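Listed below, chain by chain, are the residues.
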Amino acid sequence: MSFVKLTVSTLAMSALATAAVARDQVQVAGSSTVLPYASIVAEAFGENFDFPTPVVESGGSSAGLKRFCEGVGENTIDIANASRKIKDKEVKACADAGVTDIIEVRIGYDGIVFASEKGGNDFAYTPSDWFLALSDKVLVDGALVANPNKTWNDVNAELPAQPLQAFIPGTKHGTREVFEDKVILAGCEATGAFDAFLGMATGDTDKAKHKAAEKACISLRTDGVSVDIDGDYTETLARIESNKDGIGVFGLAFYENNTDKLQVATMSGVVPSTESISTGEYPVSRPLYFYVKKAHIGVVPGLKDFAEFFVAEEIAGPDGPLAEYGLVADPELEKTQEAVADEAVLGANM
């Protein structure tokens, strides 16, 4: 049975209940950062509950949310994993397709780290370094010019004279957006380039000009120095293994589970760790989420049980298996547990 846009009518909900009988597995897709956590939980859920083990796929935050917002019914996923908050335009796309009640679940925190081949040069970065390395245009003697930098030493005299080569998450990944905001844009502002872009921006309003300047800041060079990785972190690792000059952008947990192959750089003088992220000292960290389609609760067997299990203290708490893998436990986990139990939807308290 195929599905069209549904309303909350009795007829529509009846149709969903009838069709969902054909699927008894929870289906999850989205963020490659959240993927290992969701996989750990799914396996434990299958071992401890009388429900089939949920199917967990990757693809990136944006791709997962796009699938999530396709509609309601057996041919749509139940949960979207995301390494960023859902956007207003995504909420609208969901609503337009009949997905009107969305439960937001924050599972904890993760850091974005910058790692290279183990045994290679040591790096101590700032956001300015990464902007000057990867931006399409940089300030030179007060003028915006095409990025001339070829080595990290060109960017910062205190860094090694290693050729610039960066492997960064592709645009469908939530990690890319955090990287752009907390590293590239921050570096653009710190170097004064943002003000230069703003002075050249066109638009009818200050807001439009500001947005244009931000877009210019995060426009990256296309000469091969910056390479988008559309796959997960294993692909980034493979690129580094085949290119010894490569620096990769990873989630902290992935790095911590590959310290035999990678070494990590500091950012603004801080070593990334669960401790420095939990205190807020490390500057490039972000919350991780998953989003539940409320209309599928009570229809897809085990969906709510899985969501509650995911954020249970023994799973997502500081002594649980997710923290052991690298997740920074959420100090407000109890509030999240209550929200899931109450099936609180986005916008209910706004």
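Heads up: the structure comes first, above all this text.
What counts, and at which threshold
- Residue numbering note: each chain is counted from 1, following its sequence as written.
- With pLDDT at 70 or above as the cut-off, local features in this predicted model cover only qualifying residues; side-chain atom pairs require 80 or more to be listed or tallied, and sums for whole chains, interfaces and linings still use all residues.
- Only hydrogens and water are set aside when side-chain values are computed; all heavy atoms of the structure are taken into account.
- Aromatic pairing here means that ring centres of Phe, Tyr or Trp (its six-membered ring) are within 6.5 Å. Orientation follows from the plane angle: under 30 degrees is stacked, over 60 is edge-to-face, and everything else is tilted.
- Numbering of helices and strands starts at the N terminus; helices are DSSP runs of H or I of at least 4 residues and strands are runs of E of at least 2.
- Three exposure classes are used, based on accessible area relative to the maximum for each residue type with a 1.4 Å probe and protein chains only: buried under 20%, partly exposed in between, and exposed over 50%.
- In what follows, residue pairs with any heavy atoms lying within 4.5 Å of each other are defined as contacts.
- By definition, two strands form a pair when at least two bridges between them are found by DSSP.
- By convention, a crossover is right-handed whenever its connection, traced from the first strand over the helix to the second and viewed with the strands pointing away, goes clockwise.
- Think of the arc as the fan of directions from the helix axis to the C-beta atoms.
- Patches here are clusters of residues that have more than 30% relative accessible area and form no salt bridge, with a 9 Å joining cutoff for like charges and a 5 Å cutoff for nonpolar side chains (Val, Leu, Ile, Met, Phe, Trp, Tyr).
- Using the Shrake-Rupley algorithm and a 1.4 Å probe, accessible areas are obtained, with residue cover drawn only from the displayed protein chains.
- Salt bridge criterion: a side-chain nitrogen from Lys or Arg within 4 Å of a carboxyl oxygen from Asp or Glu.
- Positive charges come from Lys and Arg alone, negative charges from Asp and Glu alone, with His and the N- and C-terminal ends not counted.
- The atoms used to mark charge sites are NZ of Lys, CZ of Arg, CG of Asp and CD of Glu.

(A) Structural context of the packing of aromatic side chains. If you walk through the whole model with that rule in mind, you get 21 aromatic pairs. Ring centres of Phe 114 and Phe 179 lie 6.3 Å apart, and the angle between their planes is 45°; on these two criteria the pair is classed as tilted. Linking Phe 114 in strand β4 (residues 102–117) with Phe 179 in helix α7 (residues 174–191), this pair joins segments that are 65 residues apart in sequence. Neither residue differs from the other here; Phe 114 and Phe 179 are each classed as buried. With a centroid separation of 4.7 Å and 40° between ring planes, the pair formed by Phe 290 and Phe 310 is classed as tilted. Within this pair, whereas Phe 290 is found in strand β13 (residues 285–293), its partner Phe 310 is found in helix α13 (residues 303–310), the two being separated by 20 residues in sequence. Accessibility classification places Phe 290 together with Phe 310 in one group, the buried group.

(B) Just the environment of Ala 161, in detail. Structurally, Ala 161 can be placed in the loop between α6 (152–155) and β8 (166–169). Taking C-alpha positions, Ala 161 is 9.0 Å from Lys 150, a pair spaced 11 residues apart along the chain. Filtering out sequence-adjacent residues up to four positions away, Ala 161 remains in contact with Thr 151 and Asn 153.

(C) Structural context of the pairing of strand β2 (residues 55–59). The pairing of strand β1 (residues 27–30) with β2 spans three bridges and is classified as parallel. Across the sheet, residue Gly 30 finds its bridge partner in β2, namely Gly 59. Traced from β1 through helix α2 (residues 35–48) to β2, the parallel crossover comes out right-handed.

(D) Just unusual backbone geometry, in detail. One non-glycine residue with positive phi stands out, namely Asp 141, at about 55°. Of note, Asp 141 is situated in the loop between β6 (137–140) and β7 (143–146). With phi around 55°, Glu 343 is a residue other than glycine that occupies positive phi space. Considering the arrangement of structural elements, one finds Glu 343 in the segment after α16 (333–342).

(E) Highlighting helix α8 (residues 193–200). Every buried residue of α8 is accounted for by Ala 193, Phe 194 and Phe 197. Summarising the axial view, the buried residues of α8 lie within an arc of 100°, below the 170-degree limit, and thus occupy one face. Turned more than 90 degrees away from the buried face of α8 sit Asp 195 and Gly 199, all of them exposed. Where α8 is buried, its residues contact α5 (127–134), β6, β7, α7 and α9 (206–217).

(F) Representation of a negative patch on the surface in the model. A cluster of acidic side chains, namely Glu 313, Glu 314, Asp 319, Glu 334, Glu 338 and Asp 342, defines a negative patch on the protein surface. Sorting the residues of the negative patch by element identifies α14 (313–316) and α16 as the ones contributing at least two each. In terms of residue count, α16 provides more of the negative patch than any other element does, three residues in total. Mapped onto the fold, Glu 338 is located in helix α16. A relative accessible area of 44% places Glu 338 in the partly exposed class.

(G) Highlighting the pattern of salt bridges. Going through the model one piece at a time under the given rule, you end up with 18 salt bridges. The residue Arg 286 makes a salt bridge to Asp 110 at a minimum N-O spacing of 3.4 Å. One end of the pair, Arg 286, is in strand β13; the other, Asp 110, is in strand β4, and 176 residues separate them in sequence. Residue Arg 286 is classed as buried on the basis of its relative accessible area, which comes to 3%. Its relative accessible area of 1% is what places Asp 110 among the buried residues.

(H) The arrangement of the environment of Glu 324 in detail. Looking at the element boundaries, Glu 324 is found in helix α15 (residues 321–325). By relative accessible area, Glu 324 is classed as exposed at 70%. Each C-alpha atom, one on Glu 324 and one on Ala 253, is 9.2 Å from the other, the two residues being 71 residues apart in sequence.

(I) Spatial organisation of a positive patch on the surface. On the surface, Lys 89, Lys 207, Lys 211 and Lys 215 cluster together to form a positively charged patch. Top contributing element to the positive patch by residue count: α9, with three residues. Within the secondary structure, Lys 215 sits in helix α9. Among the residues examined, Lys 215 registers a relative accessible area of 64% and is labelled exposed.

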